[in-house]
Amino acid sequence: MKIERLDIRTAADVSAQNSIALASRYTERSTYELLQASAAAFADQPALTFLMRGTPDEEPIVYSYRALLARITQAANAFSRLGLGPSDVVAYLLPNLPQTHFVIWGGETAGRVAAINPLLEPAQILQILRAVRARLLVTLAPGAPGLDLWTKCAPIVNEVETLEHVLCVDPASLVMEGRQPRAYPPQGRLAVHDFDALLDQEADSRLAFSRQIDPADIASLFHTGGTTGMPKVAPHTQANEVFLAWSVAATLGTEPGQGILCGLPLFHVNAPLATGLAVWAAGGNVVLATPGGYRTPGLLTNLWALLARYRVHAMMAVPTIYASLLDMPFGDHDLSSLRHCLVGAAPMPIEVFNRFERLTGVQLLEGYGMTEGTAVSSLNPVAGRRKVGSIGLPLPYNELAVGIVEGTTLQRLAETDEIGLLLMRGPNVFPGYLYPSHDSTAWVVGADRRRWFNSGDLARRDEDGYLWLAGRAKDLIIRGGHNIDPQVIEECLCEHPDVALAAAVGQPDAHAGEVPMAYVVLREGSTASSEALREFAAGRIPERAAVPVRIEIIAQMPVTAVGKIFKPRLRHLAIERVCGELLQVKGIEASVTVRDDKRLGTVAAIRLADAAIRDTATAALARLPVAIEFV
């Protein structure tokens, strides 16, 4: 793939790039064609550098472009021999391993690939396997260190009617010389295979089957949150992913040989695409930092040293990672190669921005993306003006609009600095959910009859064309980049015999951006305590991240004129309490009132008893992702 840096500084530069026909930018029609082109151009250069432990002195496992393509081809051939066709699905339930990449790109070459979060509980995994109609499942072998995924899978795989084969990945295969294939007994009606042994049997470095991949073919399936009922699954086309790879590489100006750190999970859309395929499109080196990524104990402690040793040029992370890095000793590490630190998934506190840049000399670039937009849709310009708190300018060919919407009709585009719904369309936007029932409110149609995807986020566009998020129209709670469906919490709490009503919202948090909490109205005569309700929830909510950190019992739930629970008021109450508690810890007497501003979104107005301590109050609230004003 030909990658030329796009010199984007302003919104006018984006428009100028859009005037060039996209068809002239690249010719690759599939992810496999992209990988073939890169292997031809950069054959013996490092493509994937894997760190098992994430320690500065460990010997990495390195795959050249030639070796990476060979292993991906072997995976595609093995899947095909097991019966995977273009419309069939191979699901993966794996940590961050080289084999995970072999599965992803080999799966997209032979058929379709579906990602599953290894942190989910068995019931949720079963739902997703059924929803995507998986024919093959690749997961960790029994007894593999780390996540005990086999224990999760073994009881459920025979309940997936479409499943025919389970393939087991043994991480020891990466480091053991002369490892012998492992024989696995059948799991009920299912055959169980040694994944690496299957690949080793595929001696041919070319595809052993015939398939003409069309750009409109479905390449991958990613579940997007919501763990009750039918999982919401977003398909990506081959064209979506090839475009995303080109647009990210060209916007960042990634060059051959540059190291790009990957610490985000490969079950999430960002890691395989923005810090995977996009890197390989430009001939870069993906530094895959441990099976657990940023979750690995000790990785953040070593991260400064790793960035220096592998001459990392760019990294992507959620705000909590950058905030945590500030607490790690910096030492005398040479970070002169580090040029881009991208951040997304949640609001970034301004104080974290400032401290990180003072420490490293590297600018943080905020951006925006979502699964339905194939990972990345906007970014603060690399060469232009960066506006702290903004999600920047749309990537070329991505149309992002702020719209005034009624139902599923776009009434008009918002004026400058007017808040509306953030809408998107373009070559990165997915074709629609796997199950059409999820599409009913997902799309907005304008006067030109073209449809826009409704992101569910509120935003405004300033006079320079930069976009600013202003809250969410949907109820999603985002904890450190992890999407949490509040319905999971609410349904669990309402199963308690003492609970009449429950509403879950995100409360601001200095580390995670926001964390889930719930407001509860008890049934008449009930005496359940907040602690008892939280213990009840913790024992039943399948996602640990979704367990509410606090449950507050209230006498009456705020409702709209039609009797619907009015969650904006609950969010305001949570912000007021958190701000008040942080100020109180510093001995500051103040009152806090939260309001919605037409330009800034949600704002916490602080009235101090003593104006002289404003600096102290500012420091106390600096790491909260909330707009603060003093009155």
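The structure this text deals with has already been given above.
Quantities reported herein were computed from a predicted structural model and do not represent experimental measurements.

Asker: It is not clear to me how the overall build of the chain should be interpreted in this structure. Could you clarify?
Answerer: Along the chain, the regular secondary structure elements total 16 helices and 30 strands. In terms of overall dimensions, the chain is globule-like: its C-alpha atoms have a radius of gyration of 25 Å, near the 25 Å expected for 631 residues. With the principal axes as the frame, the chain shows a C-alpha extent of 75 × 55 × 55 Å. Counting across all 631 residues of the chain, residues that qualify as buried make up 58%. Nonlocal contacts in the chain, meaning residues at least 24 apart in sequence, comprise 69% of its contacts between residues at least 6 apart.

Asker: What am I meant to see in the sheet that holds strand S5 (residues 134–140) here?
Answerer: The pairing of strands in a sheet happens through backbone hydrogen bonds and is either parallel or antiparallel. Taken together, 7 strands build an open sheet; the order of strands is S7-S6-S5-S3-S4-S8-S9 and the sheet is mixed. Two strands in the sheet have a free side with no partner beyond their single neighbour: strand S7 (191–194) and strand S9 (233–237). The sheet shows a mean angle of 25° between the axes of neighbouring strands, direction not considered. Relative to S7, strand S6 (residues 165–169) is paired through 4 bridges, and the arrangement is parallel. What sits directly across from Leu-167, in S7, is His-193. Helix H8 (residues 238–252) contacts strand S8 (218–223) and S9 of the sheet and is inclined by roughly 70° relative to S9.

Asker: In this structure, what is going on with the state of the cysteines? I would like to understand it.
Answerer: Chemically, a disulfide is nothing more than a covalent bond linking the sulfur atoms of two cysteines. With the rule as written, the count across this model stands at 0 disulfides. Cys-494 carries a free sulfur, and the closest cysteine sulfur to it, the one in Cys-492, is 9.2 Å from it.

Asker: What is the right way to look at unusual backbone geometry in this model?
Answerer: Phi at Thr-290 is positive, roughly 75°, even though this residue is not glycine. Mapped onto the elements, Thr-290 comes out in the loop between strand S11 (285–289) and helix H10 (299–309). The buried category is assigned to Thr-290, whose relative accessible area is 0%. Its identity is not glycine, yet Arg-311 carries a phi of approximately 45°, on the positive side.

Asker: Looking at this structure, I do not really get the packing of aromatic side chains. What am I missing?
Answerer: Each aromatic ring pair is described using two quantities: the centre-to-centre distance and the angle formed by the ring planes. Tallied over the entire structure, the rule returns 15 aromatic pairs. Centroid distance Tyr-322 to Phe-356: 5.1 Å. Interplanar angle 80°. Geometry classified as edge-to-face. Linking Tyr-322 in helix H11 (residues 319–325) with Phe-356 in helix H12 (residues 350–360), this pair joins segments that are 34 residues apart in sequence. When sorted by exposure, Tyr-322 lands in the same class as Phe-356, which is buried.

Asker: Is there a simple way to explain the nonpolar core in this structure?
Answerer: It is characteristic of soluble globular proteins that their nonpolar side chains tend to be buried jointly. Counting residues in hydrophobic clusters, the biggest one holds 147 residues, and the most contacted among them are Phe-79, Phe-195, Tyr-294, Leu-303 and Tyr-322. Setting aside anything within four residues of it in sequence, one finds Leu-303 in contact with Leu-261, Tyr-294, Met-315 and Leu-325. Listed in part, the 20 residues of the second largest apolar core include Ile-477, Ile-484, Val-488 and Leu-493.

Asker: Can you help me understand the side chain of Glu-202 in this one?
Answerer: As for its placement among the helices and strands, Glu-202 is situated in the loop between helix H7 (195–201) and S8. Among the residues examined, Glu-202 registers a relative accessible area of 6% and is labelled buried.

Asker: Any chance you could explain the pattern of salt bridges here in plain terms?
Answerer: Once their charged atoms are close, side chains differing in charge can pair, the charge on each being opposite to the other. Per the stated rule, a full pass over the model turns up 29 salt bridges. With a closest N to O distance of 3.5 Å, Glu-581 and Arg-577 form a salt bridge. Of this pair, Glu-581 and Arg-577 both sit in helix H15 (residues 567–585), separated by 4 residues, roughly a single helical turn. Here Glu-581 falls in the partly exposed class, since its relative accessible area comes to 35%. Taking the relative accessible area as the measure of exposure, Arg-577 reaches 15% and is therefore buried. A single network of salt bridges, built from pairs that share partners, joins Arg-385, Lys-387, Asp-462 and Asp-464.

Asker: It is not clear to me how the packing of helix H4 (residues 98–110) against helix H9 (residues 270–281) should be interpreted in this structure. Could you clarify?
Answerer: The description of two packed helices rests on the angle between their axes and on the distance between the axes. Where H4 meets H9, the axes come as close as 13 Å, and the angle between the chain directions of the two elements is 75°. Here H4 lies roughly perpendicular to H9, going by the angle between them. Contacts from His-101, Ile-104 and Trp-105 in H4 reach Pro-272, Leu-273, Gly-276, Leu-277 and Trp-280 in H9. Among the residues forming the contact of H4 with H9, the class breakdown is 6 nonpolar, 2 polar and no charged.

Calculation notes
- Residues numbered from 1 in each chain as written.
- Predicted model: local features only at pLDDT ≥ 70, side-chain atom pairs only at ≥ 80, totals over all residues.
- Heavy atoms only, no water.
- Helix = DSSP H or I, 4+ residues; strand = E, 2+ residues; numbered from the N terminus.
- Rg over C-alpha atoms; globule rule 2.2 N^0.38 Å.
- Buried < 20%, exposed > 50% of the residue type's maximum accessible area, 1.4 Å probe, protein only.
- Contact = heavy atoms within 4.5 Å.
- Pairing = 2+ DSSP bridges.
- Axes fitted to C-alpha atoms, helices over the stretch in contact; angles between N-to-C directions.
- Disulfide = S-S within 2.5 Å.
- Phe/Tyr/Trp six-rings, centres within 6.5 Å; stacked < 30°, edge-to-face > 60°.
- Core = buried A, V, L, I, M, F, W, Y, C linked by side-chain atoms within 4.5 Å.
- Salt bridge = Lys/Arg side-chain N within 4 Å of Asp/Glu carboxyl O.
- Parallel < 35°, antiparallel > 145°, perpendicular 65-115°, else oblique.
- Nonpolar A, V, L, I, M, F, W, Y, C, P; charged D, E, K, R; others polar.

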